[in-house]
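# Structural description and commentary
Listed below are the residues making up each chain.
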Amino acid sequence: MNGQEFFFTVDGRQVRAEPGQTIIAACDAAGIYIPRLCHHPDLKPAGHCKLCSCYIDGRRASACTMPAAPGMVVISDNEELNNDRRVVLNMLFVEGNHICATCEKSGDCELQALAYRLDIPSPSLPYQWQRYEIDASHPDVFIDRNTCVLCSRCIRASRDLDGKSVFGFAGRGLGMRLNIDAKAELDETTFSAIDKAAKICPVGCIVIKRTGYRTPVGLRRFDVTPIGSDIENKSGAKPK
């Protein structure tokens, strides 16, 4: 431990952190998984999805944006917070059109995997059955907005990692959509299948063409191990 490191508490466990490190980053390093969709370690935190919301010194805040502090007390894993996460996940399912049984991302989808982890066998809210556009214009990439969860990972990756700013949001509320920086379709942009933004989508919204089902259903990432188990295995904790 260097002179700047400090400890804080998460669900009764002591966690080591460095100045400027977020709560979720320190927990990841310590083997404590906090549910998330918009967070990705290669991207600047956004705090969009609210799944990582915790009690931090008695107040609710996002673990992906809040820096850890010495002596801080964090509660992440209790029934109240997990019930709120179930509500958020249910809303994401019914506001989109997620047909897991036929989705190419099934078994590798973080939304689906989080639902299984939090014991959601099927959405409990009524589907909105909204109309979404798909964009198959690009020679190498397919966009299916039916499954977009508006996490902004592709927006941040395109802007901050690829230096292109291909994506953005348009509209508000239930009318918010993933937008592209073109008059019409994706093939009019500089987007490429090798861009970071093409590989960072947590669901089946941005899909690389001609790669479908290379990994058979049943052998995919979350078919084999639950989401978060890669983090929890660092501490030897039994994945949930």
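As a reminder, the structure under discussion sits directly above these lines.
This is a predicted model, so every value here is computed, not measured.

How each quantity is defined
- The numbering scheme is per chain: residues are counted from 1 as the chain's sequence reads.
- The predicted nature of this model means local features are confined to residues of pLDDT at least 70 and side-chain atom pairs, given and counted, to a pLDDT of 80 or more, with totals for whole chains, interfaces and linings taken over all residues.
- Note: side-chain values were computed over all heavy atoms of the structure, leaving out hydrogens and water.
- Two strands form a pair only when DSSP identifies at least two bridges running between them.
- Helical segments are the DSSP runs of H or I of at least four residues, strand segments are the runs of E of at least two, and each set is numbered from the N terminus.
- Between the N-to-C directions of two axes lies an angle of 0 to 180 degrees, each axis being a line fitted to C-alpha atoms and, for a helix, fitted only over the stretch in contact.
- Residue contacts follow a heavy-atom distance rule, with two residues in contact if any of their heavy atoms lie within 4.5 Å.
- Every patch collects residues that have over 30% relative accessible area and no salt bridge, joining them within 9 Å if they carry like charges and within 5 Å if they are nonpolar side chains (Val, Leu, Ile, Met, Phe, Trp, Tyr).
- Here, Shrake-Rupley sampling with a 1.4 Å probe gives the accessible areas, and only protein chains in the shown set may cover a residue.
- The term salt bridge refers to a side-chain nitrogen of Lys or Arg lying within 4 Å of a carboxyl oxygen of Asp or Glu.
- Counted as positive: Lys and Arg. Counted as negative: Asp and Glu. His and the chain ends are not counted at all.
- Charged side chains are reduced to one point each, which is NZ for Lys, CZ for Arg, CG for Asp and CD for Glu.
- For every residue, the accessible area obtained with a 1.4 Å probe (protein chains only) is divided by the maximum for its type, and the residue is called buried under 20%, exposed over 50%, and partly exposed between those limits.
- Residue count minus one, scaled by 1.5 Å, sets the expected span of a helix.
- Polar contact is defined as a pair of N or O atoms within 3.5 Å, subject to the rule that within protein one atom must be able to donate a hydrogen and the other to accept it, and that residues adjacent in sequence are counted only when both atoms are side-chain atoms.

## What about the sheet that holds strand 1 (residues 6-10)?
- The strand order 2-1-5-3-4 describes an open sheet built from five strands, whose pairing is mixed. Whereas interior strands pair on both sides, the edge strands pair on one side only; in this sheet they are strand 2 (13-17) and strand 4 (59-62). Across this sheet, the average inter-strand angle for adjacent strands is 40°, counted without regard to direction.
- Pairing of strand 1 with strand 5 (residues 73-75) involves two bridges; the strand directions are parallel. Bridging from a neighbouring strand, T9 pairs with V73 of strand 5.
- Contacts between helix 1 (residues 23-30) and the sheet are confined to strand 1, strand 2, strand 3 (53-56) and strand 5, with strand 2 contributing the most and set at about 110° to the helix.
- The strands touched by helix 2 (residues 79-95) are strand 3, strand 4 and strand 5; relative to strand 3, the strand with the most contacts, the crossing angle is about 155°.

## With respect to a negative patch on the surface
- The grouping of E133, E185, D187 and E188 at the surface amounts to a negative patch.
- Of note, E133 is situated in the loop between helix 3 (110-117) and strand 6 (134-135).
- We classify E133 as exposed; its relative accessible area is 58%.

## Details of the sheet that holds strand 7 (residues 141-144)
- Sheet architecture is open: three strands sit in the order 6-7-10, paired in antiparallel fashion. Of all the strands in the sheet, just strand 6 and strand 10 (206-208) have a single pairing partner and so form its edges.
- Bridging between strand 7 and strand 10 involves three bridges; their strand directions are antiparallel. If you follow I143 over to strand 10, its bridge partner there is I206.

## What about the pairing of strand 2?
- Two elements, strand 1 and strand 2, share five bridges in a ladder whose sense is antiparallel. Among the inter-strand pairings, V10 is bridged to a residue of strand 2, identified as R13.
- Linkage of strand 1 to strand 2, two consecutive antiparallel strands, is achieved through a turn of two residues, within which D11 is found at a positive phi near 50°.

## Digging into helix 2
- With 17 residues, helix 2 should cover 24 Å at 1.5 Å per step; its first-to-last C-alpha distance of 24 Å lies within 8% of that length.
- Among the residues making up helix 2, those that are buried are L81, N82, R85, R86, L89, N90, L92, F93 and V94.
- Lining the buried residues of helix 2 we find strand 3, strand 4, strand 5 and helix 3.
- Measuring from the side-chain oxygen of the N-cap residue of helix 2 to the backbone nitrogen of E80 gives 3.2 Å; that N-cap residue is N78.

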